[in-house]
Amino acid sequence: SLDETIKHLNEIIGIRAGMDLPLELIGVRETVDNVAQSIRLLLDNAQASIRCDFDPNAQLRVNHAYFESILLNLLTNAIKYRSPERNPEIDIHLHREGSRRVLSVRDNGLGMDLKRYGSKVFGLYKTFHGNPDAKGMGLFMTKVQVEAMGGTIELESELNTGTVFKIYLHEQN
């Protein structure tokens, strides 16, 4: 357990030390498709669907590895914290708000009590649903990676309805 904690802390330090990381123009739909393909078995076993509501040619200037990691974490969380009452549905939207691009990932899962946990959601080693597989690293790492790319992340959630993660990235030439 101590070895794993040290490994996690090294990853965090590496991300924060690399604040001047390389950004590249990537195809958003292609990246979503690649991440979905990498977890195809999980998606199929959960009978999950992913819908993309944005221009299939949309591009973002991001760190490709971080962006894939962010998508992977949000998609696997949507499966891990799905409602037993319905098949998981994940909607991904991309739009502009002023000088920012906003990527929204919405699920119809268990949701969270933000009044109770809102200030802790992105904390290190914080878990909220009692899932034995949860380590409390995913959302923390996601936030660190988004911030390393100059962005911010927010969430909206309602118990038994689902969660929406919104990632705000500045337009970059």
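Conventions adopted
- Throughout this description, residue numbers start from 1 for each chain and increase along the sequence as written.
- Residue-level local features of this predicted model are given only where pLDDT is at least 70; pairs of side-chain atoms are given and counted only at 80 or more, and the full residue set underlies all totals for whole chains, interfaces and linings.
- In computing side-chain values, all of the structure's heavy atoms are included and hydrogens and water are not.
- Helix numbers and strand numbers start at the N terminus; a helix is a DSSP run of H or I with at least 4 residues, a strand a run of E with at least 2.
- Think of it in three bands: residues with accessible area under 20% of the maximum for their type are buried, residues over 50% are exposed, and the middle band is partly exposed, with areas taken using a 1.4 Å probe on protein chains only.
- Computed by Shrake-Rupley with a 1.4 Å probe, the accessible areas treat only the displayed protein chains as cover when residues are assessed.
- Whenever a carboxyl oxygen of Asp or Glu lies within 4 Å of a side-chain nitrogen of Lys or Arg, that contact is scored as a salt bridge.
- Contacts are residue-level and defined by heavy atoms, with any inter-residue pair within 4.5 Å sufficient.
- We treat two strands as partners when DSSP finds at least two bridges between them.
- Interaxial angle, 0 to 180 degrees, is taken between N-to-C directions of lines fitted to C-alpha atoms, where a helix line uses only the stretch in contact.
- Orientation is classified from the angle alone, with under 35 degrees giving roughly parallel, over 145 giving roughly antiparallel, 65 to 115 giving roughly perpendicular, and any other angle giving oblique.
- Less than a right angle of anticlockwise turn of the near helix away from the far helix marks a crossing as left-handed, whereas a clockwise turn marks it as right-handed.
- Throughout this entry, Asp, Glu, Lys and Arg are counted as charged residues, while Ala, Val, Leu, Ile, Met, Phe, Trp, Tyr, Cys and Pro are counted as nonpolar. The remaining residues, Gly among them, count as polar.

Novice: Can you tell me about the overall build of the protein chain, naming the residues and giving the values?
Specialist: The helix and strand tally for the protein chain stands at six helices and seven strands. Going from N to C terminus, the protein chain has its helices and strands arranged as α-β-α-α-β-β-α-β-β-α-α-β-β. Across the 173 residues in the protein chain, those meeting the buried criterion constitute 44%. Here the protein chain has roughly 9,600 Å² of accessible surface; of this, 46% comes from carbon and sulfur atoms.

Novice: Describe the pattern of salt bridges, and please don't skip the residues or the numbers.
Specialist: Using the criterion set out here, one finds eight salt bridges in the structure. Notably, a salt bridge pairs K143 with E147, separated by 2.6 Å at the nearest N-O pair. You can see K143 and its partner E147 sitting in helix α6 (residues 138-148), four residues apart, about one turn around the helix. Owing to a relative accessible area of 31%, E147 belongs among the partly exposed residues under this scheme. By sharing partners, the salt bridges in this structure join R51, E89 and D91 into a single network.

Novice: Describe the side chain of T142, listing the residues and the values that go with them.
Specialist: Relative to the elements of secondary structure, T142 occurs in helix α6. Beyond its immediate sequence surroundings of up to four residues, T142 is in contact with I70, N73 and I153.

Novice: Residues and numbers for the pairing of strand β7 (residues 162-170), please.
Specialist: Of all the nine residues making up β7, seven are buried; the element is thus mostly covered by neighbouring parts of the structure. In this sheet, β7 lies alongside strand β5 (residues 100-107) in antiparallel orientation, the contact comprising eight bridges. By the bridge assignment for β7, D107 is matched with T163. Bridging between strand β6 (residues 152-158) and β7 involves seven bridges; their strand directions are antiparallel. Paired with E154 across the two strands is K166, which belongs to β7.

Novice: Account for α6, naming residues and giving values.
Specialist: Most of α6 sits out of view: eight of its 11 residues are buried. Every buried residue of α6 is accounted for by L139, F140, M141, T142, V144, Q145, V146 and A148. Phi turns positive, to about 85 degrees, at G150, one or two residues after α6.

Novice: Give me the packing of helix α4 (residues 64-80) against α6: which residues, what numbers.
Specialist: At a minimum axis separation of 9 Å, α4 and α6 run at an interaxial angle of 150 degrees. When the axis of α4 is compared with that of α6, the two are roughly antiparallel. Of the two possible hands of crossing, α4 and α6 adopt the one that is left-handed. Counted together, Y66, S69, I70, N73, L74 and N77 of α4 and G138, L139, T142, Q145, V146 and A148 of α6 form the full contact between these two elements. Here the contact of α4 with α6 is built from residues that sort into six nonpolar, six polar and no charged.

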